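# Working through the structure, step by step
Given next are the chains, with one letter for each unit.
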Amino acid sequence: SQQGEEDPQALSIQEGENATMNCSYKTSINNLQWYRQNSGRGLVHLILIRSNEREKHSGRLRVTLDTSKKSSSLLITASRAADTASYFCAAGTSGTYKYIFGTGTRLKVLA
Amino acid sequence: DAGVIQSPRHEVTEMGQEVTLRCKPISGHDYLFWYRQTMMRGLELLIYFNNNVPIDDSGMPEDRFSAKMPNASFSTLKIQPSEPRDSAVYFCASSLWELMSPWGSEQFFGPGTRLTVL
């Protein structure tokens, strides 16, 4: 399977804590993206990191990318109950416009 | 803009029937993707189009599945005949390739069509 993998599969934390999710992929990429999916809804884009970048920030989000290990991590700081959702990484395959999605991490933030 | 529009939102059909899912991408976007999401297999890319032309359909599971994009504002995914294992949520997404950028760009997803084949 070409599908990426994410861990943990599920994460439960208290409001205010930080949440870290990891993603591994198999292909050569030109970018990696993170998406959020609320229950019963479509995916919403969070952040894109290029293959020549190692770290990127957006608000309470911090993404790192290690192309030598084919892995990425998403950190959500000071989590809120509204962050409860599933989070997916999507690896943009080099030479194509094809994205391989990870299996997702289900995050639950307890108020 | 209203975002990516998909119809119907829910579809229940019987095995053997033809199913047609519809998608209207965001105006001006030049890429359109069809994905299928199931608990077992996660989110799978079925096919994507660039400027209405199918580029990669390697994810289409079998000949029962077909997709068309007759113009820039409309695409269909058809399953004929449908089978219970086709039950899933089908997403359409669109994107605008940033000019001269090799880095890709974000995809905008529709709300999905939940298909149940009995």
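Before reading on, note that the structure itself is shown above.
Report follows, based on the coordinates. As the structure is a computational prediction, the values presented were derived from the model and not from experiment.

Definitions and limits used
- Residues numbered from 1 in each chain as written.
- Chains lettered and ligands numbered in written order.
- Predicted model: local features only at pLDDT ≥ 70, side-chain atom pairs only at ≥ 80, totals over all residues.
- Heavy atoms only, no water.
- Phe/Tyr/Trp six-rings, centres within 6.5 Å; stacked < 30°, edge-to-face > 60°.
- Helix = DSSP H or I, 4+ residues; strand = E, 2+ residues; numbered from the N terminus.
- Buried < 20%, exposed > 50% of the residue type's maximum accessible area, 1.4 Å probe, protein only.
- Pairing = 2+ DSSP bridges.
- Axes fitted to C-alpha atoms, helices over the stretch in contact; angles between N-to-C directions.

## Remarks on the packing of aromatic side chains
- A complete count under the given rule lists 15 aromatic pairs over all chains for this structure.
- Between A:Tyr97 and B:Tyr31, the ring centres sit 4.1 Å apart and the planes meet at 45 degrees, which makes this aromatic pair tilted. You can see A:Tyr97 sitting in the loop between strand 9 (85-93) and strand 10 (99-101) and its partner B:Tyr31 sitting in strand 4 (residues 31-38), one on each of two chains.
- By relative accessible area, A:Tyr97 is classed as buried at 3%.
- Using a relative accessible area of 12% as the deciding quantity, one classes B:Tyr31 as buried.
- Joined through ring pairs, the aromatic side chains of A:Tyr35, A:Tyr97, A:Tyr99, A:Phe101, B:Tyr31, B:Phe33, B:Tyr35, B:Tyr48, B:Phe91, B:Trp97 and B:Phe109 make up one cluster.

## Observations regarding the sheet that holds strand 8 (residues 74-79) of chain B
Residues and elements named next belong to chain B.
- The strand order across the open sheet formed by 4 strands is 1-3-8-7, and the pairing between neighbours is antiparallel. A strand with exactly one partner marks an edge of an open sheet, and here the two such strands are strand 1 (5-7) and strand 7 (65-71). Taken pair by pair, the neighbouring strands of this sheet meet at an average axis angle of 15 degrees, ignoring direction.
- Summarising the sheet, strand 1 and strand 3 (residues 19-24) pair through 3 bridges and their orientation is antiparallel. From the neighbouring strand, Ile-5 faces strand 3, where its bridge partner is Lys-24.

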